[in-house]
Amino acid sequence: MAPSGSRNVKWGCRRVFYWIPVLFIALIVAWSYYAYVVQLCVVSIENTWEKVLYLLLYHVIFIMFIWAYWQTIFTNPMNPLKEFHLSYSEKELLEREDRGESQQEILRRIAKKLPVYTRTNSGAIRFCDRCQLLKPDRCHHCSVCDKCILKMDHHCPWVNNCVGFSNYKPFMLFLSYSLLYCLFITATDLKYFIKFWMAGGRAHFRLKEYLNGFPDTQAKFHILFLFCSASMFSVSLASLFIYHCWLVCKNRSTLEAVRAPVFRHGRDKNGFSLGSSKNFRQVFGDEAKYWPFPVFSSLGDGCAFPTCLMNTDPEQPSSPTGHSPANRSAAEGRHFPSKPMSDSQRQLLCSTSSWTESDVAADVDQRGTNNPVMTLENEA
């Protein structure tokens, strides 16, 4: 077995390696700031009003972009509440059982006290051996962070962090502001890029007339490369941003889009969808004044999510929608969420009034046409 010192050195090297993509992005952004502010606005643009307007708009977008990126990187991903961790006695009881069926029976008894409705592909209770906890719905274990992340979307190397319940809104704003940043640079730099390009293509004809707007070769290089870089990043960011907007409207994570969550009745890719409006508010909150800012305003606690399912798990004492008073009283002793909710949050998490009878009937008919026989695999 390797000594602890070598393991610490290895882990330290890995941590440094994980920061390389973030450092790369930081260098690109720092260079773009110099190229746009100094080389384009200060050196190349002669019109004072145009220069002031570009600088003002640029810095507003730049500040929001950096703020959202910072929040995505340094917001600590939320982990399951202590209620989902096994107690010492529960761990001992689980370790004494050799057979998987007996262990599952123990986990089922524990899960009855918790708002857990999803299962593994084989129908078993979702349990994390490394963290020794029952996984809340939409929670997954990240192999890079080596911990369970609430509503895990994916581990993003460009932010060196897991994107999950606590920082999904900042991540969405990071995508939107970075796309806006690149599009703004592309649009405002286009005129000067064309001017330089035409000057380069007609160097044999009236060269000085075309190069009057560019005092030196350094500015020409920065303007040309800035336009090309911003254009290429705009294309990749636009596709990623559109994809995550679709996920928000469908109330799915990237992992759930790849592999639909499994409920007791089977797979259901729309199990957590409450309609586009409520799905959006789950991520961004009810108060529109907080939507543009990368501050936490998402609804809920990340451990319990309302579902659109009519037939929930009969083994659970309460449903995610929480309508029945008997169900609510059965869940006493466990408090979810861990902090008080506003009336608007409670309305979203505890009300399904927006679902009309026709919507529910159509949803049931659609599930009734699904093939109940499905291939079961062990969840990774």
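The structure reproduced in this document is the subject of the present report. Every residue gets a number counted from 1 within its own chain, in the order that chain's sequence is written. Residue-level local features of this predicted model are given only where pLDDT is at least 70; pairs of side-chain atoms are given and counted only at 80 or more, and the full residue set underlies all totals for whole chains, interfaces and linings. Values reported for side chains reflect all heavy atoms of the structure, with hydrogen atoms and water molecules removed beforehand.

What about the side chain of Arg138?
Then, in step 1: Examined against the element boundaries, Arg138 turns out to sit in the loop between β2 (133-134) and β3 (140-142).
Then, in step 2: Pairs of N or O atoms within 3.5 Å make up the polar contacts considered here, provided that, within protein, one atom can donate a hydrogen while the other can accept it, and that residues adjacent in sequence are counted only when both atoms are side-chain atoms. At a separation of 2.8 Å, a polar atom in the side chain of Arg138 contacts the main-chain carbonyl oxygen of Asn251.
Then, in step 3: Only 2.8 Å separates the side chain of Arg138 from the side chain of Glu256, close enough to count as a polar contact.
Then, in step 4: Setting aside anything within four residues of it in sequence, one finds Arg138 in contact with Arg126, Ile149, Leu150, Lys151, Met152, Asn251, Arg252, Ser253, Glu256, Phe272, Gln282 and Phe305. The way it works is that DSSP assigns letters per residue, a run of H or I at least four long becomes a helix, a run of E at least two long becomes a strand, and they are numbered from the N terminus. Between two residues, a contact is recorded if the distance between any of their heavy atoms is within 4.5 Å.

Side note on the pattern of salt bridges
Then, in step 1: Only one rule defines a salt bridge in this text: a Lys or Arg side-chain nitrogen within 4 Å of an Asp or Glu carboxyl oxygen. Per the counting criterion, the structure on display carries 6 salt bridges.
Then, in step 2: The salt bridge involving Arg108 is made with Glu105; its shortest N-O contact spans 3.2 Å. Placement of both Arg108 and Glu105 in helix α5 (residues 100-111) is noted, with a separation of 3 residues, approximately one turn of the helix.
Then, in step 3: Buried residues are those whose accessible area, probed at 1.4 Å on protein chains only, stays under 20% of the maximum for their type, while exposed residues exceed 50% and partly exposed ones sit between those limits. Under the relative-accessibility criterion, Arg108 is labelled partly exposed at 25%.
Then, in step 4: What makes Glu105 partly exposed here is its relative accessible area of 36%.
Then, in step 5: In this structure, Lys289 and Glu287 form a salt bridge, with 3.8 Å as the shortest nitrogen-oxygen distance.
Then, in step 6: The class for Glu287 is partly exposed, based on a relative accessible area of 44%.

Examining the nonpolar core
Then, in step 1: Residues belong to a common nonpolar core when they are buried Ala, Val, Leu, Ile, Met, Phe, Trp, Tyr or Cys residues joined through side-chain atoms within 4.5 Å. Grouped together as the largest cluster of nonpolar side chains are 42 residues, with contacts concentrated most on Tyr36, Tyr58, Tyr69, Tyr168, Phe174, Tyr181 and Ile185.
Then, in step 2: Going through the elements one at a time, α2 (20-44), α3 (48-74), α6 (168-201), α8 (217-250) and α10 (276-284) are the ones with two or more residues in this core.
Then, in step 3: Sort the elements by how many residues they give to this core and α6 lands first, with 13 residues.
Then, in step 4: Ignoring any residue separated from it by four or fewer positions in sequence, one finds Phe174 in contact with Phe65, Ala68, Tyr69, Thr72 and Val159.
Then, in step 5: Among the nonpolar cores identified, the runner-up in size contains 24 residues, and Ile106, Val116, Phe165 and Phe305 belong to it.

Topic: the environment of Ile106
Then, in step 1: Positionally, Ile106 belongs in helix α5.
Then, in step 2: Residue classification places Ile106 among the buried residues on the basis of a relative accessible area of 5%.
Then, in step 3: For the pair Ile106 and Glu90, spaced 16 residues apart in sequence, the C-alpha to C-alpha distance is 8.3 Å.
Then, in step 4: If sequence neighbours within four positions are ignored, Ile106 has contacts with Leu93, Leu94 and Glu97.

So, the packing of α2 against α3
Then, in step 1: Only the stretch in contact is used when a helix axis is fitted, and all axes are lines through C-alpha atoms; the angle between N-to-C directions ranges over 0 to 180 degrees. Packing of α2 against α3 brings their axes to within 11 Å, and their N-to-C directions diverge by 170°. As judged from the angle between their axes, α2 and α3 are roughly antiparallel. Contact residues: Val22, Ile25, Val29, Ser32, Tyr33, Tyr36, Val37, Cys41 and Val42 in α2; Lys51, Tyr54, Leu55, Tyr58, His59, Phe62, Phe65, Ile66, Tyr69 and Ile73 in α3.
Then, in step 2: Throughout this entry, Asp, Glu, Lys and Arg are counted as charged residues, while Ala, Val, Leu, Ile, Met, Phe, Trp, Tyr, Cys and Pro are counted as nonpolar. The remaining residues, Gly among them, count as polar. Tallied by class, the residues present in the contact of α2 with α3 amount to 16 nonpolar, 2 polar and 1 charged. Angular relationships are summarised with four words: roughly parallel below 35 degrees, roughly antiparallel beyond 145, roughly perpendicular across 65 to 115, and oblique for the angles in between.

Re the packing of aromatic side chains
Then, in step 1: Two aromatic rings from Phe, Tyr or Trp, using only the six-membered ring of Trp, form a pair when their centres are within 6.5 Å; if the ring planes differ by under 30 degrees the pair is stacked, by over 60 it is edge-to-face, and anything between is tilted. By the definition in use, this model includes 29 aromatic pairs.
Then, in step 2: With a centroid separation of 6.0 Å and an interplanar angle of 45°, the aromatic rings of Phe62 and Tyr181 are classed as tilted. Note that Phe62 is positioned in helix α3 and Tyr181 in helix α6, a separation of 119 residues in sequence.
Then, in step 3: Since its relative accessible area comes to 16%, Phe62 is described here as buried.
Then, in step 4: Ring geometry for Phe165 against Phe296: centres 5.6 Å apart, planes inclined by 65°, an arrangement best described as edge-to-face. Residue Phe165 is found in the loop between β6 (161-163) and α6, and its partner Phe296 is found in the loop between α10 and α11 (325-330); the two are separated by 131 residues along the sequence.
Then, in step 5: Given a relative accessible area of 5%, Phe165 falls into the buried group.
Then, in step 6: Relative accessible area serves as the criterion here: at 36%, Phe296 is assigned to the partly exposed category.
Then, in step 7: Counting every residue linked through ring pairs, the aromatic cluster contains Tyr33, Tyr36, Tyr54, Tyr58, Phe62, Phe65, Tyr69, Tyr168, Phe171, Phe174, Tyr181 and Phe184.
Then, in step 8: Definition used: whenever NZ (Lys) or CZ (Arg) falls within 6 Å of the ring centre and also within 35 degrees of the ring normal, the charge is taken to sit over that ring. One cation-aromatic arrangement involves Arg138 over Phe272; the distance from NZ or CZ to the ring centre is 4.5 Å.
Then, in step 9: Cation over ring: Arg138 sits above Phe305, and NZ or CZ is 4.9 Å from the ring centre.

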